[in-house]
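As a plain string of letters, each chain reads:
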Amino acid sequence: FAVMRKIYEEELNLNDALLKLRELPKTNGVVLIKGDSLDFTGYFNEDGMLGSELKYSDKVYNNAEALAELFKVKSEKVKIAIYELPIHDIKFNF
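Everything in this summary refers to the structure shown in the same document. Everything numeric in this text was worked out from a predicted model, so none of it was measured. (Residues numbered from 1 in each chain as written. Predicted model: local features only at pLDDT ≥ 70, side-chain atom pairs only at ≥ 80, totals over all residues. Heavy atoms only, no water.)

Let's shift gears to the overall build of the chain. Along the backbone of the chain there are two helices and six strands. Order of helices (α) and strands (β) in the chain, N terminus to C terminus: β-α-β-β-β-β-α-β. Burial analysis of the chain (94 residues in total) assigns 37% to the buried set. For the chain, the share of sequence-separated contacts (at least 6 apart) that also reach a separation of at least 24 residues comes to 56%. When the accessible area of the chain is evaluated, it comes to approximately 6200 Å², of which 51% is carbon and sulfur surface. (Helix = DSSP H or I, 4+ residues; strand = E, 2+ residues; numbered from the N terminus. Buried < 20%, exposed > 50% of the residue type's maximum accessible area, 1.4 Å probe, protein only. Contact = heavy atoms within 4.5 Å. Areas by Shrake-Rupley, 256 points an atom, 1.4 Å probe, with all protein chains shown as cover.)

Right, here's the structure in full:
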């Protein structure tokens, strides 16, 4: 079965992490951004972001709203990790 492979990880400020979202690799994967006040998970493929969730200020935002809110957050130190999920390796059992 498919295994997620970490292809990038760094601790930086949120503004720099947001720039990384524009440079996601042309593959299938997951991007995680975690800070003291926020927890963001985004799913992407070759065409860009497919869906996302942001937990911030005791609220949960999804998809376009999650991205919009993420850009409003005051910059803070975050950890960003990008994982590749090799879709072609996934085996389906019926």
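We now examine the side chain of Thr41. With respect to the secondary-structure elements, Thr41 resides in strand β3 (residues 38-45). With a relative accessible area of 16%, Thr41 lands in the buried category. For Thr41, the residues in contact, after removing those within four places along its chain, are Val30, Val31, Leu32, Gly51, Ser52 and Glu53.

What follows deals with the pattern of salt bridges. Applying the stated criterion to the full structure yields seven salt bridges. With its nearest N and O atoms 2.4 Å apart, the salt bridge here joins Glu84 to Arg5. In this pair, Glu84 sits in strand β6 (residues 77-84) while Arg5 sits in strand β1 (residues 5-13), placing the two residues 79 residues apart along the sequence. For Glu84, a relative accessible area of 17% puts it in the buried group. In this structure Arg5 comes out as partly exposed when scored by relative accessible area, which is 48%. Three or more residues joined by partner-sharing salt bridges are found here, namely Lys6, Glu9 and Lys79. (Salt bridge = Lys/Arg side-chain N within 4 Å of Asp/Glu carboxyl O.)

With that settled, consider the nonpolar core. Core analysis: the largest hydrophobic core is formed by 19 residues, its most contacted members being Leu14, Val31, Ile33, Leu38, Phe40 and Leu70. Those elements that place two or more of their residues in this core are α1 (14-21), β2 (29-35), β3, α2 (63-72) and β6. Here the element with the most residues in this core is α1; it accounts for four residues. Apart from residues no more than four positions distant in its own chain, Leu14 is found in contact with Ile33, Leu38, Leu70, Val73, Lys74, Ser75, Glu76 and Val78. (Core = buried A, V, L, I, M, F, W, Y, C linked by side-chain atoms within 4.5 Å.)

When α1 is considered as a whole, its buried residues turn out to be Leu14, Ala17, Leu18 and Leu21. Buried residues along α1 cover an arc of 105° about the axis, so they all sit on one side. Residues of α1 that are buried make contact with β1, β2, β3, β4 (48-56), α2 and β6. Capping the start of α1, Asn13 holds a side-chain oxygen 3.0 Å from the backbone nitrogen of Asn15, two or three residues further along. (Arc of directions from axis to C-beta. Polar contact = N/O pair within 3.5 Å; in protein donor to acceptor, adjacent residues only side chain to side chain.)

On the secondary structure map, Asn45 appears in strand β3. Only 2.8 Å separates the side chain of Asn45 from the backbone nitrogen of Asp47, close enough to count as a polar contact. Not counting residues up to four positions away in its chain, the partners in contact with Asn45 are Thr27, Asn28 and Leu50.

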